[in-house]
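As a plain string of letters, each chain reads:
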Amino acid sequence: TQLLEQSPQFLSIQEGENLTVYCNSSSVFSSLQWYRQEPGEGPVLLVTVVTGGEVKKLKRLTFQFGDARKDSSLHITAAQPGDTGLYLCAGRNVTGANSKLTFGKGITLSVRP
Amino acid sequence: GAGVSQSPSNKVTEKGKDVELRCDPISGHTALYWYRQSLGQGLEFLIYFQGNSAPDKSGLPSDRFSAERTGGSVSTLTIQRTQQEDSAVYLCASSFDRGANEKLFFGSGTQLSVL
């Protein structure tokens, strides 16, 4: 079983602050995705990273895939209340056409106005 | 439809009853997934369909759980003789393209409460 550990589990910050959250595993992944989920809704894909060391930016969000493809980080600059939600990382294993995504437990982010 | 549709959005049932949860994927999406999300837990994989067949059923917790997909479209997840530990949000997702860049589109889920 490939486990993804996300940290911190909960984070409450003031609007305008910066933050970084993490997704770690002992397993190597062929790709890793970050999703955001709001209450009462399903997760929505934010980004997919495929190459070790890859950095992708989505407005104020910066995603990095570790060099060894075992971990990832999400950095948010100048957080806004609209960034509030559950952030899930999901890794896909390196073998098999029928490989499936393994999700972490998520990080609950609350941004106070 | 424009997105993945799940029904009902909420289901309250008594322990021991059977329930059926429905998922309408995005038109043309060949892959369909069922996940379960419990409070404080991540998404737990249940089953994956490619067309009407299920190459991976490894996540179904027990033989009380079953799922089918017909016409390469609608899928039904059935839970027989429900137990309180079955209470969770059941999420369905569909995708068009398998592989490392596969993008899953999720429905809003069915909140199942077993009393």
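This structure is a prediction, so every number in the text was calculated from the model and none was measured.

*Asks:* Hey, could you run me through the overall build of chain A in this one?
*Replies:* Counting secondary structure elements, chain A contains zero helices and eleven strands. Ordered by position from N to C terminus, the α and β elements of chain A give β-β-β-β-β-β-β-β-β-β-β. Viewed in the frame of its principal axes, chain A has a C-alpha envelope of about 45 × 30 × 20 Å. The proportion of buried residues among the 113 residues of chain A is 45%. Long-range pairs, those at least 24 residues apart, make up 54% of the contacts in chain A between residues at least 6 apart in sequence. Only carbon and sulfur atoms are counted for the fraction: they give 51% of the accessible area of chain A, which is about 5400 Å².

*Asks:* Please explain the packing of aromatic side chains as it appears in this structure.
*Replies:* One pair of aromatic rings is described through two measures. These are the centre distance and the angle between the planes. Using the criterion set out here, one finds nine aromatic pairs over all chains in the structure. Judged by centre distance (6.4 Å) and plane angle (50 degrees), the ring pair of tryptophan 34 of chain A and phenylalanine 63 of chain A falls under tilted. Taken together, the residues span a long stretch of sequence, with tryptophan 34 of chain A in strand S4 (residues 29–37) and phenylalanine 63 of chain A in strand S7 (residues 61–65) at a distance of 29 residues. An identical accessibility class is assigned to tryptophan 34 of chain A and phenylalanine 63 of chain A; each is buried. Aromatic pair tyrosine 35 of chain A and phenylalanine 106 of chain B: ring centres 5.8 Å apart, planes at 90 degrees, arrangement edge-to-face. In this pair, tyrosine 35 of chain A sits in strand S4 while phenylalanine 106 of chain B sits in strand S10 (residues 105–106), so the two residues belong to two different chains.

*Asks:* Can you help me understand the pairing of strand S6 (residues 53–56) of chain B in this one?
*Replies:* Each regular strand carries side chains that alternate between the two faces of the sheet. Residues and elements named next belong to chain B. Relative to S6, strand S5 (residues 43–50) runs antiparallel, the two being bridged by two bridges. Bridge pairing in S6 places glutamine 50 opposite serine 53. Counting the residues that bridge the hairpin from S5 to S6 gives two residues, and of these glycine 51 lies at a positive phi of roughly 65 degrees.

*Asks:* How should the interface of chain A and chain B be read in this particular structure?
*Replies:* Accessible area lost on assembly of the parts is the figure often given for the size of an interface. Listed per partner, the contact involves 23 residues of chain A and 22 residues of chain B. For the pair chain A and chain B, the summed buried surface comes to about 1700 Å²; carbon and sulfur atoms form 49% of the total. Where chain A packs against chain B, one counts one salt bridge. Among the ionic pairs, arginine 92 of chain A bridges to glutamate 102 of chain B, the shortest N-O distance being 2.6 Å. The interface formed by chain A and chain B includes five residue pairs in polar contact (both at pLDDT 80 or more). Elements with a contribution of two residues or more to the side of chain A that touches chain B: S4, strand S5 (44–49), strand S9 (85–93) and strand S10 (101–103) of chain A. The dominant element in the side of chain A that touches chain B, judged by the number of residues it contributes, is S4 of chain A, at five residues. Taken together, the residues of the side of chain A that touches chain B sort by class into nine nonpolar, ten polar and four charged.

Calculation criteria
Counting restarts for each chain, with residues numbered from 1 along the sequence as it is written. Chains carry letters from A onward and ligands carry numbers from 1 onward, assigned in written order. For a predicted model such as this one, the threshold for reporting local features is a pLDDT of at least 70, and the threshold for listing and counting side-chain atom pairs is 80 or more; totals across whole chains, interfaces and linings nevertheless cover every residue. Side-chain calculation: all heavy atoms of the structure are included, whereas hydrogens and water are not. Segments assigned H or I by DSSP are reported as helices when at least four residues long, segments assigned E as strands when at least two residues long, and all are numbered from the N terminus. Exposure is judged per residue with a 1.4 Å probe applied to protein chains only, and the accessible area is read against the type maximum: over 50% gives exposed, under 20% gives buried, and values in between give partly exposed. Here, two residues are considered to be in contact whenever any of their heavy atoms come within 4.5 Å of each other. Where accessible areas are quoted, they stem from the Shrake-Rupley method and a 1.4 Å probe; at the residue level, only the protein chains shown are allowed to cover. Here a pair means two rings of Phe, Tyr or Trp (six-membered ring of Trp) with centres within 6.5 Å. Their orientation is stacked below 30 degrees between planes, edge-to-face above 60, and tilted elsewhere. One requirement defines pairing of two strands: DSSP has to find at least two bridges between them. Accessible-area loss on putting two parts together, using a 1.4 Å probe and summing over both, is the definition of buried area adopted here. By definition, a salt bridge exists where a carboxyl oxygen of Asp or Glu is found within 4 Å of a side-chain nitrogen of Lys or Arg. In protein, a polar contact means a hydrogen-donor-capable atom and an acceptor-capable atom, both N or O and within 3.5 Å, with residues adjacent in sequence counting only if both atoms are side-chain atoms; elsewhere, any N or O pair within 3.5 Å suffices. Each residue gets one label: Ala, Val, Leu, Ile, Met, Phe, Trp, Tyr, Cys and Pro are nonpolar, Asp, Glu, Lys and Arg are charged, and the others, such as Gly, are polar.

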